[in-house]
Structures are given as C-alpha cells and as structure tokens.
Amino acid sequence: MVPAWLWLLCFSIPQAFPEAQPAELSVEVPENYRGNFPLYLIKLLLPLEKAEGQIVLSGDSGMAAEGPFAVDPDSGFLVVTSALDREEQAEYKLQVTLETGDGYVLWGPQPVIVHVKDENDQASGHQATATIEISIVKSTWVPLEPIHLAENLKVPYPHPIAQVHWSGGNVHYHLESQPPGPFDVDAEGKLYVTMELDREAQAEYLLQVWAQNSHGEDYAEPLEFHVVVMDENDNAPVCPPRGPLISIPELSPPGTEVTQLLAEDADAPGSPNSCIVYQLLSPEPKEGAEGRAFELDPTSGSVTLGTAPLQAGQDILLQVLAIDQAGAKEGLSSICEVAIMITDINDHAPEFTTSQIGPVSLPEDVEPGTLVATLMATDADLEPAFRLMEFAIEAGDKEGIFALDWEPDSGLVQLKVRKNLSYEAVPHHKVVVVVRSVEELVGPGPGPEATATVTVLVERVMPPPKLVQESYEASVPISMPAGSLLLTIQPSDPMNRTLRFSLVNDSEGWLCIEEVSGEVHTAQSLQGAQPGDTYTVLVEAQDTDEPRLSTSAALVVHFLKAPPAPALTLAPMPARYLCTPRQDYGVIVSGLSEDPDLVSVPGPYSFALGPNPTVQRDWRLQALNGSHAYLTLALHWVEPGEHKVPVVVSHNAQMWHLVVQVIVCRCNVEGECMRKVGHMKGMPTKLVAMGTLLGTLAAIGFFLILIFTHLALARKKDLDKPADSMPLKVAV
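Everything numeric in this text was worked out from a predicted model, so none of it was measured. (Residues numbered from 1 in each chain as written. Predicted model: local features only at pLDDT ≥ 70, side-chain atom pairs only at ≥ 80, totals over all residues. Heavy atoms only, no water.)

A. Spotlight on the nonpolar core. In this structure, Phe 352, Val 372, Leu 375 and Phe 402 are the most contacted members of the largest nonpolar core, which totals 26 residues. Elements represented by at least two residues in this core include exactly strand S23 (356–363), strand S24 (371–378), strand S25 (389–395), strand S26 (402–406), strand S27 (412–417), strand S28 (428–437) and strand S29 (451–459). With residues near it in sequence (within four places) discarded, Leu 375 still touches Phe 352, Ile 357, Gly 411, Leu 412, Val 413, Leu 415, Val 433, Ala 452 and Val 454. (Core = buried A, V, L, I, M, F, W, Y, C linked by side-chain atoms within 4.5 Å. Buried < 20%, exposed > 50% of the residue type's maximum accessible area, 1.4 Å probe, protein only. Helix = DSSP H or I, 4+ residues; strand = E, 2+ residues; numbered from the N terminus. Contact = heavy atoms within 4.5 Å.)

Dropping the structure here:
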C-alpha cells in the first residue's frame, strides 16, 4: 500500500513547481509537395485534458495570419495544408499552446521549427539535353463495377471480393473506406472483406485504392468503386415502445379509434422482407358475446372499438402479432402490446400517503440540489388524466430555501434544497407541501389529507482543526539522546476538541509524537545526521470525534553541531544491587539536578543510556515520570560484578551525565544477594594461614632430615670397626 505521505507529496509537487516547458521540435517538409493535403507532419504531445481548452497556433512575423499550417484537434498532429516554396521561405518558427477562453495557458508553448527541403525546381545558368525513352503500355488502372455482397455471408474471412492492378513496378496499394469498413488490400492488389457485413448497420461503402511508390507518393488518382450490401430477411418487425396507458372514456361509440400500430422492419424498404401485416391475438371475444371489443385493420394496424361494451375502470392489454413478408409462413414476427384503460370522471382529490415526514437532519453545508425527502400522493380516480397532480409549498419556506421536483403522472414529489442552509439563521424548518389535481375537480374540494409537513433540522458543521502554526521548525544538536523533547504541537481552535497527532513521513524513524499531548520527542539517537542538514516530517492532527476532519503541518528539524562537553556532571550515584539471572525489579534513577537554577525551571527530564554499545545491549532505561527513570537488566544474564552505567539526562536544553553504580550478583530463592565473605577482624587471612602451614611443613621436614642423617652416620661407624674386635661366638 502506498504511504499517505507519498500521496501528499505527489499532490503538492504540481503546485510547488511549474510545468516544464516542452522541448523544441523540428520537422522537414519537401517543397512543392504534390501529394494529398493536409500532409501530417508530427504529432504533438498534447495533454489528455485538452478538451478543456482550445489549441492556438502562432508563427513568426514572416508568416501570414492564415498560414499553411494547422493542428488537427482530434489526432494532435501538426499538418500543412498547401505546398511550400523554399525560395519564398526556407524555415517557419511556430508555437503551439493550449489555452482557455480567457487566454490562460494550460499547456506549452511548444516550439516547432519547420524546415522546407530544397528541390531542384529552379533553372540554372547551364542546361543539358537528355533523351528519355518512354514505353507506352496499356493502362490497367481502371475502376471496377459495383460489388454486391450478401449480408451475414458465412464464408472464411478474410474473403476476396475484387482485384486492382497497376501496370508499373515498385508499387504498393493503400485502401480507404467511407465510411470505415472491414476491408483490406494486399500487396498484389487483392481486395478483401475481413468480417460479415450487416446491411442494417451500413448498406453501402465507397472504397478508394491508391497505387503508391515506396515514398508514399501517388502514381495516379485513386480508384473508386462501391460495395453494395444485399438484404436478407434477418430482422423481425420491431414494435413501437409500449407507451403510457391509452384512455378510452366509457360509453365511447363503436368505431372510435384507439391507436395505430406502426411496427418497423430494418430490412430493405419496399422489399417483401419489410412488408408487415397485423393480426389481433387478444383479447379474444367472450363466449356468447356479440362481436368483439376491438377491431384491427391488418394492413394499416389501426385499432378501433368494436361492438362489445366496455366497463369503466377496466384495464385491457391488447396483443397484436406483426408479421413481415406480407404474413407468409416464412416471415418473422413480433408481438406488440397496447395497454388500454377505460376511464371515469374526476371526482376524487389526490391525497398524501403520509402527512408527517421527519425530522430530517441535514448539515448546514449541504450542496443545493440535495434531496430532503420524497413524498407520495395517490388519486382514487381511474382516468390517468384525472390522476395528474401538481405540487406546491404552501407554508414554512418564506426564504425560498427549498424546491419541489416531480413528474405529473408519477404521484411522487421530491423536496430538495435550493439555497444554502444556515444553522445560525434558522436551525429548523417545517415545510408544508400541498397536492392538487391538474384537471378540474368534480364534487367536493380537497381535504386535510392533501397537505403534508416535512420537518428539517439543520446540523451545525464543525470546521476542520487548525494548529497554532502552519509549519514548525526545531534546531537540535546531532548528539541529542533518545526521548528528548523538541517541541509541542498545539491546536488553535477556540472550540474544545480532542485531537490525535501522528507523524506521516518519518522515514528515518528519528522522531515520535505523543498522540494526545502533541509533544515531539527524539525516538532514537540521531545516528547518520550531519550538522547543517535538515529533516522534514509531516505532522497530522485528526479530530478524535470526527476522523474525517484533519489538518497537517510541516516540521523542519535543523541539525546542529554537537555542543561541548556538558558543564554540569553529577557525582556517581550510590551503588545498588540487582540479581542475575534477571528478576522483575530494577533501580530508580533520579534526574533532579543539584543546581537550583535547573530545578526552578519547569519541564520534564529526558533520560537515555550512554552511547556505549555494550551498555545499550545489557541495560534498559524507561521513564517513570517527568523526573525519574527505571533502570533494569536488558539481558537474562549479566556477568556478576560491579557495573558503572552512564545515563544522559537532559532538561530544557541543558544536558549532564549520571554514573549509576550497580552491583550484579547471584541471588538466593528469597531474592537476596549472595555476597562473598570478606576478611574478619582478628582472624588470619588466607596468606597468613598459608605461610604458617608452609613454615610448619618446612620445620617438620628439617627435623626429619636431621634424624635420618644421624641414623645414617651411626650405621656407617659400626661398619668401619676391625674384625678381631668383634666377640667370638662360644662353641658348644
């Protein structure tokens, strides 16, 4: 679906930029052209709505007022109407415009230059003599006898009907039909009919065939011959359209003429195919009755009253059979019907079927000619002439705001608005309409049923909403964070109404607007914007109660260079704790400044995360109210530890940074943060305990080394003593 902003842009472009002037056209015409005129030169690109204006052709000062050029209004071609002489004028500068009656230019001017091509038609100072041999051949370019073709001919098409021949070479044939018909000619000069003919549609054609060379120049005058379409009995008699009821007063004498049927046959006049006779089908005479109620002349179709009596109020449908070919068995036939009513005297006054209509509600800006109500009246008389009625507004319309429209024999009358309504002048109307019989009434006069009252309530029209300005401008630095307030769109209507605001063509998605308040904020960071650029969006304001009432205004945003580092930077906020995996709570961030000058200035605070992509990925910041925001984890899992989250706060064109310290930790089932145990006062640290343990192990190892060394030395001493020093074992 095409966006609405694109439609608005398309509609505004033709009004903002004038139509581009057409490029200059050039065409060449041979001088002393001897072909047929007018000669079509070039097609002009006239607009389709050219019927609203007139084509004006103007030339340079050298061309007479009645020049040899014209524009064919049907085809849009520039044509030349007579031969040109290059020696008289070698070039024509023309201009074509499409203008209204008062001279307003709708299209153009279209410049056209016509160059006259030189031909060797002037004798020079030197002459030469040449001998030309001319062969005389018998001319075959002779007209044909009229061609007779049967209508509705059932043969394969295209069907050959004749042939022409030009005795010379290098020839091709061109055929035209007057009026245009289904005929064609091939390269050999054979003439064809390409489809069935209908004599009733066109009984005769005049064909013209030209023999031309490859340049489209005629060798000779065209051949003319006629094609005559022969008649067949393919059309049944057509009865006259069934008209209104024919009224016959009761007790009319026999022989009174009722009507005359004149059926028509589209076949050839004066032929048997169009000779019609009539036969009465109904009503048939009643059983035992003397004579018939109607008599019919079979040749003239005249219907007269018979001898059978007719009753007042009787409706009769007369059916007559019309047969062509003078009533032959093979003739075609149709049934004609005539409705007859036996009338009485005018002794009943017409009456409305409803005496009170409405109330009918109409807006005060309704167009004149709008239908208010349709009233219906009836007349108990049987004679159509006595049932004719006329209507008039009897009361309730002194200003002539309303008018009546009716058909005399319908019994329906339409009450329409003739002038503009005004709620302030007359908020409601009671229009009294009266009906009367056109013919003189016999007996008592009209009663109260001959009047009807239409109550009309005029509704006040609400004007479309208006804004304080027709267009808005805002200048913002390209570093402005998301959620920053640019401006507020406000209505200027004095009447209390609720508007709904929207942005139509925010193609970059940089902006957003509060639907009710009309506050325009930045929807995201202005990434891609450059200082000095402008960005235009359309703000649309729509009436909440009447969505069809709306207005719009352009908002132009000028991007400025990012301001220097903010002068005011708040100290880091105290650390807060959040659980990971993420739980349904967060940290409240306050935007209130410690600067008394900023606090005293009214207006909301805007919050945005710092530009670090990691921060924007891990954290989410949502506004709670005009002075606080809510910081939560954006991911389900964030690495436990201490995090410093930068937050940008803006307020009334001032901007500063907050550093929110958040400790992310694992939590127990109660949602309490499980913190690591630190060093306890009076207890050894890990390092002290480790040193003590290692010292103890070193001391034990040292003592073990001493013991084993001592044992090893003592054993060596015993091994080093002499053998005689050892005591002998006593032998027994």
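B. Structural context of the side chain of Asp 265. In this fold, Asp 265 is placed in the loop between strand S16 (257–260) and strand S17 (277–282). With no salt bridge to any partner, buried Asp 265 finds its closest opposite charge in Arg 199, at an N-O distance of 7.0 Å. (Lys, Arg positive; Asp, Glu negative; His and termini not counted. Salt bridge = Lys/Arg side-chain N within 4 Å of Asp/Glu carboxyl O.)

C. Summary view of the sheet that holds strand S8 (residues 147–150). Read from one edge of the open sheet, four strands run S8-S14-S13-S10, paired in mixed fashion. At either end of the open sheet lies a strand with only one pairing partner, and these are S8 and strand S10 (172–178). Recorded for the sheet is a direction-independent mean angle of 25 degrees between the axes of neighbouring strands. As defined by bridge partners, S8 adjoins strand S14 (residues 223–230) across four bridges and the pair is classed as parallel. Considered in S14, the bridge of Ile 147 is made with Val 227. (Pairing = 2+ DSSP bridges. Axes fitted to C-alpha atoms, helices over the stretch in contact; angles between N-to-C directions.)

D. How the structure looks around the state of the cysteines. Considering all chains together, one arrives at two disulfides under this definition. Put simply, Cys 239 and Cys 336 are joined by a disulfide, and their sulfur atoms are 1.8 Å apart. Torsion about the S-S bond of the Cys 239 and Cys 336 cystine: about -80 degrees, corresponding to left-handed handedness. Of this pair, Cys 239 sits in the loop between S14 and strand S15 (246–249) while Cys 336 is found in strand S21 (residues 333–343), placing the two residues 97 residues apart along the sequence. The buried category is assigned to Cys 336, whose relative accessible area is 1%. A sulfur-sulfur separation of 1.7 Å characterises the disulfide bridge that pairs Cys 579 with Cys 667. Across the S-S bond linking Cys 579 and Cys 667, the dihedral sits near -90 degrees, which makes this disulfide left-handed. Of this pair, Cys 579 sits in strand S37 (residues 573–579) while Cys 667 sits in the loop between strand S43 (654–665) and helix H4 (686–719), placing them 88 residues apart in sequence. Across the pair, Cys 667 and Cys 579 agree in class, each one buried. (Disulfide = S-S within 2.5 Å.)

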